Amino acid sequence: MEAAMPGESSALGAPEKLARTGVPGRLLEAATRLFAQQGFESTSVQEVVEAAGVTKGAMYHYFGSKDDLLYEIYHRVLSVQMERLEKLLSGDGSYAERVHAAAADVVMTSIANLDDTVIFFRSMHMLGTEKQALVRAERRRYHERFREVISDGQAAGEFRTDVPADLVVDYYFGAVHHLGIWYRRKGRLSGRKVAEHYGDMLISSLRTQSPLAKT
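Reading the values: rules and limits
Residues numbered from 1 in each chain as written. Predicted model: local features only at pLDDT ≥ 70, side-chain atom pairs only at ≥ 80, totals over all residues. Heavy atoms only, no water. Helix = DSSP H or I, 4+ residues; strand = E, 2+ residues; numbered from the N terminus. Buried < 20%, exposed > 50% of the residue type's maximum accessible area, 1.4 Å probe, protein only. Contact = heavy atoms within 4.5 Å. Areas by Shrake-Rupley, 256 points an atom, 1.4 Å probe, with all protein chains shown as cover. Core = buried A, V, L, I, M, F, W, Y, C linked by side-chain atoms within 4.5 Å. pLDDT = per-residue confidence, 0-100. Expected span 1.5 Å × (residues − 1). Arc of directions from axis to C-beta. Phe/Tyr/Trp six-rings, centres within 6.5 Å; stacked < 30°, edge-to-face > 60°. Axes fitted to C-alpha atoms, helices over the stretch in contact; angles between N-to-C directions. Parallel < 35°, antiparallel > 145°, perpendicular 65-115°, else oblique. Left-handed = near helix turned anticlockwise from the far one by under 90°. Nonpolar A, V, L, I, M, F, W, Y, C, P; charged D, E, K, R; others polar.

Some remarks on the overall build of the protein
Then step 1. Along its length, the protein carries ten helices and zero strands.
Then step 2. Put simply, the protein runs from its N terminus to its C terminus through helices and strands in the order α-α-α-α-α-α-α-α-α-α.
Then step 3. When the 215 residues of the protein are sorted by exposure, 45% land in the buried category.
Then step 4. For the protein, restricting intrachain contacts to residue pairs at least 6 apart in sequence, the fraction spanning at least 24 positions comes to 73%.
Then step 5. Only carbon and sulfur atoms are counted for the fraction: they give 52% of the accessible area of the protein, which is about 11100 Å².

Focus: the nonpolar core
Then step 1. Counting residues in each nonpolar core, the largest one holds 56 residues, and the members touching the most others are Leu27, Val99, Val107, Phe146, Ile150 and Tyr172.
Then step 2. Elements represented by at least two residues in this core include exactly helix 1 (22-38), helix 2 (45-52), helix 4 (66-89), helix 5 (95-112), helix 6 (114-123), helix 7 (129-155), helix 8 (165-176) and helix 10 (191-206).
Then step 3. For this core, the leading source of residues is helix 5, giving nine residues.
Then step 4. Apart from the residues within four sequence positions on either side, Tyr172 is in contact with Ala103, Ala104, Val106, Val107, Tyr198, Gly199 and Leu202.

Focus: the confidence of the model for the protein
Then step 1. On average, the protein scores 87 in pLDDT, and the residues at 70 or more come to 87%.
Then step 2. Put simply, helix 6 is where the protein has its lowest mean pLDDT, 83, and helix 2 is where it has its highest, 96.
Then step 3. Counting contacts from residues 1-11, a segment whose pLDDT is below 50, to residues more than four positions away or on other chains yields 22 contacts.
Then step 4. Contacts for the low-pLDDT stretch residues 210-215, under 50 throughout, to residues beyond four places or in other chains number eight contacts.

Some thoughts on helix 8
Then step 1. Here helix 8 contains twelve residues, and its C-alpha end-to-end distance of 17 Å stays within 8% of the 16 Å for a straight helix at 1.5 Å per residue.
Then step 2. Within the sequence span of helix 8, burial applies to Ala165, Val168, Val169, Tyr172, Phe173 and Val176. End-on, the buried residues of helix 8 take up no more than an arc of 110°, which puts them together on one face. Facing away from the buried side of helix 8 by more than 90 degrees, the exposed set consists of Asp170 and Tyr171.
Then step 3. Those residues of helix 8 hidden inside the fold are in contact with helix 5, helix 7, helix 9 (179-182) and helix 10.

Focus on the packing of aromatic side chains
Then step 1. Applying the stated criterion to the full structure yields seven aromatic pairs.
Then step 2. A ring pair is formed by Tyr142 and Phe173, whose centres lie 5.7 Å apart and whose planes are at 90°; its orientation type is edge-to-face. Taken as a pair, Tyr142 in helix 7 and Phe173 in helix 8 lie far apart in primary sequence, 31 residues in all.
Then step 3. Where Tyr172 meets Tyr198, the ring centres are 6.2 Å apart and the plane angle is 75°; that geometry is what we call edge-to-face.

What about the packing of helix 4 against helix 7?
Then step 1. Where helix 4 meets helix 7, the axes come as close as 11 Å, and the angle between the chain directions of the two elements is 15°. If you check the angle between helix 4 and helix 7, you find them roughly parallel. Like other packed secondary-structure pairs, helix 4 and helix 7 cross with a definite hand, here left-handed. Between helix 4 and helix 7, the contacting residues are Asp68, Tyr71, Tyr74, His75, Leu78, Gln81, Met82, Leu85, Glu86 and Leu89 on the first element and Lys131, Leu134, Val135, Glu138, Arg139, Arg141, Tyr142, Arg145, Phe146 and Val149 on the second.
Then step 2. In terms of residue class, the contact of helix 4 with helix 7 is built from eleven nonpolar, two polar and seven charged.

Side note on the side chain of Arg139
Then step 1. Among the secondary structure elements, Arg139 is positioned in helix 7.
Then step 2. Excluding residues that lie within four positions of it along the chain, Arg139 makes contacts with Tyr74, Leu78, Phe121, Met124 and His177.

Next up, the structure:
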């Protein structure tokens, strides 16, 4: 078993792929698999319900449309990430330890649910205007919470202040959102190791003694 990373709350444990049970869970599981294999636009509602072993009536009892399935795939992952973020940032430890733990956690939760994340970023533009607005608002709340703790660390003198916290967050999550392009589960690096490296690089760039800081 790999050791916990610095600042990681042992109470959280390693993130796992979201459990999906009952009819809604079976529909989401089938939709995720089919959207990943065929693409969102090429998958019909009929294919989803057949793969889930339910009727269209059962699906429309829980989801109003295929758009709702796509939205829920992402919303469930982001909800878990937000819950874990709050626990990590409100825990003990220095700002560096908490930011490292949060930075690593978003990588690990993304990798644990990689198909969900990839599908959504590949297909988000196909959502209706209202759903897209909901997604952007949810993601903005997550990023803002992450930015707040970096700003607090800057105010406390623990992080360098010559780079705006907003830019740090945009840069970091740009890298996280590209995990689906290159990460392979059977690759040389485990998800935890990738997460540790990402967290290390972020903290190294934030430290006041960073070689990148102006002298």
